[in-house]
Amino acid sequence: MTATISIVDYGMGNIGSLTNMLRRIGAKAEVVSDIKSLTHADKILLPGVGAFDAAMARIHELGFYDVLRTKALDDKTPLMGICLGMQLLTSQSEEGRVTGLGLIPGKARKFPKIDRLKVPHMGWNTVDIKKQTSITEHLPEDPRFYFVHSYYVKANNPADRMLTCQYGLDFDAGIQRDKIYGVQFHPEKSHKFGMALLRGFVDLPC
Amino acid sequence: MLRTRIIPALLLHGKSLVKTERFGKFRYIGDPANTVRIFNELEVDELTFLDIKTCRTGSDPDFELLQNIATECFMPLSYGGGIRSFDAAKLIFDTGFEKVTLNSILAQKPQVLTDIAKIYGTQAVVASIDVKRSFWGSEKIATHGAKKMSSKDVVAWAKELEDRGAGEILLTAVDREGTWDGFDLDLIKRVTDAVDIPVIAHGGAGTLEDIGEAVHHAGASAVALGSMVVFQKKGMGVLVNFPQEDALNAVLTSHDT
């Protein structure tokens, strides 16, 4: 029996589509918004849409900062950050002044002003698998996903880069270290590709 | 590489999907939920729903219907039609839609656009501009389902909406809509040259070549399809479909990346 996926609700981002997709692939999902529930989570999804600082402020306010770090680093609870959630896993963002969760060293930077490059990066884009992991193993051929973001991440350590993407420059579409994963795109809006990725996370042993 | 967005634009009237011609009378297409399921199978990357009843009658969006649609979709969704306030937009986002499309309200209360963009981000707001050519050939901006006209300049209006916080522009040529006669490339180019945000070309797509032209010759970042995705062929019966991947790639593969 697979574990329940706990989706962290800190008030930023739409959880509905994520729960819908998890339900569609037959996973059990719950939404957690308090410390106790988060502490008991077997697998954690950290979604997020919006500003880095505002998100970190909410996470501190709710007392989630220490719990998330302990769960990820000490308990080795599988954790996946989505979109802003992935950026929060890193050290900090150019967008704000606050530090992130610091689980995978890296920094979020704004896409540069290059001629004809529209920001945010919005739409479907193809990704390259830099490092095969349990969650990328079953992706269909020519994987593509739906992106919408103005800031990009490049992990400090090349060994942490899981998926890469091209948009004006080369950036990380996915990062991974141990059981900590981050994806810049929205799997819940990437139909069969998103489902394959989430299924990989759901099937991870914990 | 970023794919050019090819977006089925589906028109709602009451609880049904319909298709109009030149914003006039409409034909019944089918049940929205069933149609969405078909687009899911076809692995379409994005859908836009536009409720034409709300702008004709002044009614509110059918939130229950939209909820049903959102639960079926696993790709980005936009909705437009009867959104006249921040609160209405919030309800649409809570239902699971990524973007809201604003049109008629922009003429009277453009501040609504800015308010929504400030909280949800500019990428969540699509400014819709419907353009109609008068009898003498001059352009007019049409609102309320092309029932009211304004003589504002289209390019100036597009720039103003960009400044106010629109993330992209849905540019519809009223006179081409439903005709399969091809896009108004001149109109599209004038707007794409003037703004930095993506412009979605809408109204007139009849062939894959039309799609290619809108993108390569007129600078459209995305293309919305109406008749092409709900009818078998021009003048023929209803068939929910989507252009073949290979055929689409052939017209979209450009000379730059």
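Here the structure is shown first, and the text comes after it.
Residues numbered from 1 in each chain as written. Chains lettered and ligands numbered in written order. Predicted model: local features only at pLDDT ≥ 70, side-chain atom pairs only at ≥ 80, totals over all residues. Heavy atoms only, no water.

## Re the interface of chain A and chain B
Part 1 of the argument: Counting residues at the interface gives 23 residues for chain A, matched by 25 residues for chain B.
Part 2 of the argument: Linking chain A with chain B are four salt bridges, by the criterion used here.
Part 3 of the argument: Across the salt bridge formed by E43 of chain B and K192 of chain A, the nearest N and O atoms sit 3.2 Å from each other.
Part 4 of the argument: The interface formed by chain A and chain B holds 11 residue pairs in polar contact (both at pLDDT 80 or more) in total. (Contact = heavy atoms within 4.5 Å. Salt bridge = Lys/Arg side-chain N within 4 Å of Asp/Glu carboxyl O. Polar contact = N/O pair within 3.5 Å; in protein donor to acceptor, adjacent residues only side chain to side chain.)

## Examining helix α3 (residues 63–72) of chain B
Part 1 of the argument: Listed in full, the buried residues belonging to α3 of chain B are L65, L66, I69, A70 and E72 of chain B. One face of α3 of chain B carries all of its buried residues, which in axial projection span an arc of 160 degrees.
Part 2 of the argument: Contacts made by the buried residues of α3 of chain B are with α1 (16–24) of chain A together with β1 (5–13), α1 (32–41), β4 (47–51), β5 (77–80) and α4 (86–95) of chain B. (Buried < 20%, exposed > 50% of the residue type's maximum accessible area, 1.4 Å probe, protein only. Helix = DSSP H or I, 4+ residues; strand = E, 2+ residues; numbered from the N terminus. Arc of directions from axis to C-beta.)

## Examining the packing of α4 of chain B against helix α6 (residues 111–120) of chain B
Residues and elements named next belong to chain B.
Part 1 of the argument: Look at α4 against α6: their axes get within 9 Å of each other, and the N-to-C directions meet at 40 degrees. When the axis of α4 is compared with that of α6, the two are oblique. Crossing of α4 over α6 shows right-handed handedness. Contact residues: α4 offers F86, A89, K90 and F93, while α6 offers V112, D115, I116, I119 and Y120.
Part 2 of the argument: When grouped by side-chain class, the residues that make up the contact of α4 with α6 number seven nonpolar, no polar and two charged. (Axes fitted to C-alpha atoms, helices over the stretch in contact; angles between N-to-C directions. Parallel < 35°, antiparallel > 145°, perpendicular 65-115°, else oblique. Left-handed = near helix turned anticlockwise from the far one by under 90°. Nonpolar A, V, L, I, M, F, W, Y, C, P; charged D, E, K, R; others polar.)

## Considering the nonpolar core
Nonpolar side chains tend toward joint burial in soluble globular proteins.
Part 1 of the argument: By size, the foremost hydrophobic cluster in this structure holds 71 residues, and its most contacted members are L47, F49, I69, F97, I129 and L171 of chain B.
Part 2 of the argument: The contact partners of F97 of chain B, leaving out residues within four places of it in the chain, are F49, L66, I69, A70, L77, S78, Y79 and I92 of chain B.
Part 3 of the argument: Of all hydrophobic cores here, the second largest spans 43 residues; its members include C83, L117, A173 and Y181 of chain A. (Core = buried A, V, L, I, M, F, W, Y, C linked by side-chain atoms within 4.5 Å.)

## Brief notes about the pairing of strand β6 (residues 99–102) of chain B
Residues and elements named next belong to chain B.
Part 1 of the argument: Burial along β6 is two-sided: the residues K99 and T101 and V100 and L102 are all buried.
Part 2 of the argument: In this view, the connection linking β5 to its parallel neighbour β6 by way of α4 has right-handed handedness.
Part 3 of the argument: As paired strands, β6 and strand β7 (residues 125–133) are joined by three bridges and run parallel to one another. Bridged to T101 within β7 is V126. (Right-handed = clockwise from strand over helix to strand, strands pointing away. Pairing = 2+ DSSP bridges.)

## Some details on the environment of A247 of chain B
All names here are of chain B.
Part 1 of the argument: Of note, A247 is situated in helix α11 (residues 245–252).
Part 2 of the argument: Of the residues examined, A247 reaches a relative accessible area of 30% and is grouped as partly exposed.
Part 3 of the argument: Linking A247 and L208, residues 39 residues apart in sequence, is a C-alpha distance of 7.7 Å.

## Focus on the sheet that holds strand β5 (residues 92–93) of chain A
Residues and elements named next belong to chain A.
Part 1 of the argument: Sheet architecture is open: three strands sit in the order β5-β6-β9, paired in mixed fashion. Each having just a single partner strand, β5 and β9 (151–155) make up the two edges of the open sheet.
Part 2 of the argument: The pairing of β5 with strand β6 (residues 106–110) spans two bridges and is parallel. Residue pairing in the sheet places Q92 in a bridge with K107 of β6.

## Side note on the environment of L170 of chain B
All names here are of chain B.
Part 1 of the argument: Among the structural elements, L170 can be located in strand β10 (residues 168–173).
Part 2 of the argument: The sequence separation of L170 and I119 amounts to 51 residues, and the corresponding C-alpha distance is 21 Å.
Part 3 of the argument: Excluding residues that lie within four positions of it along the chain, L170 makes contacts with L50, T101, V126, A127, S128, I129, I200, H202 and A224.

Note that all results are geometric; they support no functional claim without further evidence.
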